[in-house]
Amino acid sequence: MTSTTHQAECSAAALYVAVELGAAEWLLTMSSGPAARRVRRRIGAGRPDQVRNALTAGKQQLGVAPDAPVWSCYEAGRDGFWPHRCLVSLGVRNVVVDSSSIEVPRRARHAKTDRLDGDTLLRMLLRYCSGERRLWQVVRVPSRGWEDARQASRGLTTLQAERTRGRNRIRSLLALHGVRQVRLDAQLPARVAQLRDWAGEPLPPGVQARIGQAWRLLAQVERERQVAMAEERRQTTADRASEAAKLTELCGIGARTATILAHELFNRDLRNRREVGALAGLVSAPYRSGTIVRDQGVTRGGIPGVRRIAIELAWAWLRYQPDSALSRWYQHRFGGGGPGTRAIGIVALARRVLIALWRYVDQGIVPAGAQMKA
């Protein structure tokens, strides 16, 4: 939609709605313009019939034509995108807003209620519909199929986190009695009774029972993890035209890394390298005010999982792609420095590697000097 068409539509009579989402109910703050009065309605969460009735009543109270367009917005959060689909099914033109981009007072203590938040969202929606595009950041809503395709990868990530948590729990229980350097393998339940604490005594029965319980949970998680990893590798091998399969053709990139990058980053129709860096949270935040000029480090916005895997990928890139142009650039700029300098450099390398991989997946440009798998 062009800006001319957008402004022409918004200059006509319309209803503007800010939606405050709640677990049990939604608060709809409605108005027909910046100077018009506000109308508020509380409805059941996710009830299309109540939403339709509230919009109809709002149009009548504000004197808006029954066939006038309706614009709405809400903050992205735990509910995800089903409220957006619910509103769109009713003919509402909805935008999902990144909550971190909404203007808030800078006072240390300021009033915050659903009513005030609804008024703030409504004012910003009116400004957005009048053509102020950089007012906030609008979230791109994925399709249901795309959103569902990411669940397998995210489920495996959750299983890996649960595995790490379970292993740490067992090691912590052993460390409470001075037992260290114990292998957590299939023979652990049989070895628990033979373990001795710092004084040479057997572990207390309660600790042994709790270790056994934690081990059984860990074994179940490990079985589910192995099944999920095998399925992920199978899908990556079966569909050689997918983004994940293309990434695995490069040395140093496995199925797990490729799947995360493909599902969380490269499937989002990114337009330029700035969007790649911003979505990973690997862009700098400069501070320039008067004579004060300094760098505040990376923004750490975007998707935490992508940023974490990008740092791991940067270290792997140095190991498995030592002759590539990116690795030579890192060694020239940061290789001779101390640990702090190399840590800063690895973040810069992670951003450059992500951009190079995006160009490889999107345009078929192989990173300079990169080696492909046989």
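One can find the structure itself at the top, above this paragraph.
Summary of the structure given here. Note that the structure is predicted; figures quoted are calculated from it, not measured. (Residues numbered from 1 in each chain as written. Predicted model: local features only at pLDDT ≥ 70, side-chain atom pairs only at ≥ 80, totals over all residues. Heavy atoms only, no water.)

**Quick look at the nonpolar core**
Membership of the largest hydrophobic core comes to 39 residues, with the highest contact counts inside it found for Leu-247, Leu-261, Leu-265, Phe-266, Leu-349, Leu-354 and Leu-357. Listed by contribution, the elements that provide at least two residues to this core are helix H9 (243-247), helix H10 (255-264), helix H11 (273-280), helix H12 (304-320), helix H13 (325-333) and helix H14 (339-363). Among the elements that make up this core, the one with the highest residue count is H14 (11 residues). Aside from chain neighbours lying at most four places away, what touches Leu-349 is Ala-314, Leu-318, Leu-326, Trp-329 and Tyr-330. If you look at the next biggest cluster of nonpolar residues, it comprises 20 residues, including Val-17, Met-30, Val-51 and Ala-68. (Core = buried A, V, L, I, M, F, W, Y, C linked by side-chain atoms within 4.5 Å. Buried < 20%, exposed > 50% of the residue type's maximum accessible area, 1.4 Å probe, protein only. Helix = DSSP H or I, 4+ residues; strand = E, 2+ residues; numbered from the N terminus. Contact = heavy atoms within 4.5 Å.)

**Brief notes about the packing of aromatic side chains**
Tallied over the full model, the rule gives 4 aromatic pairs. Their ring planes at 35 degrees and their centres at 5.6 Å tell us that Trp-26 and Trp-82 sit as a pair that is tilted. Highlighted residues: Trp-26 in strand S2 (residues 25-31) and Trp-82 in helix H3 (residues 82-89), separated in sequence by 56 residues. Aromatic rings pair up to connect Trp-329, Tyr-330 and Phe-334 into one cluster. One residue, Arg-133, lies across the ring of Tyr-128, its end atom 4.3 Å from the ring centre. Between the NZ or CZ atom of Arg-352 and the centre of the ring of Trp-329, over which it lies, the distance is 4.0 Å. (Phe/Tyr/Trp six-rings, centres within 6.5 Å; stacked < 30°, edge-to-face > 60°. Lys NZ or Arg CZ within 6 Å of the ring centre and 35° of its normal.)

**Digging into H14**
Between the first and last C-alpha of H14 there are 35 Å, a value that for 25 residues agrees with the 36 Å anticipated at 1.5 Å per step. By the burial criterion, the buried members of H14 are Gly-345, Ile-346, Leu-349, Ala-350, Val-353, Leu-354, Ile-355, Ala-356, Leu-357, Trp-358, Tyr-360 and Val-361. Where H14 terminates, the next one or two residues include Gly-364, which has phi positive at roughly 80 degrees. (Expected span 1.5 Å × (residues − 1).)

**A closer look at the sheet that holds strand S3 (residues 39-44)**
A sheet is described by the order of its strands in space; here 6 strands give the open sequence S3-S2-S1-S4-S5-S6, paired in mixed fashion. Each edge of the sheet is formed by a strand with only one pairing partner; in this case those strands are S3 and strand S6 (138-139). Sheet topology places S2 next to S3; 6 bridges connect them, and they run antiparallel. Residue pairing in the sheet places Thr-29 in a bridge with Arg-40 of S3. H3 contacts strand S1 (15-20), S2, strand S4 (70-75) and strand S5 (93-97) of the sheet and is inclined by roughly 170 degrees relative to S4. (Pairing = 2+ DSSP bridges. Axes fitted to C-alpha atoms, helices over the stretch in contact; angles between N-to-C directions.)

**Let's talk about unusual backbone geometry**
Backbone geometry places Gln-181, a non-glycine residue, at a positive phi of 55 degrees. Along the chain, Gln-181 falls in the loop between helix H6 (151-175) and helix H7 (188-191). Here the phi dihedral of Asp-269 falls at roughly 55 degrees; this positive angle occurs in a residue that is not glycine. With respect to the secondary-structure elements, Asp-269 resides in the loop between H10 and H11.

Worth remembering: the numbers are spatial, not functional.
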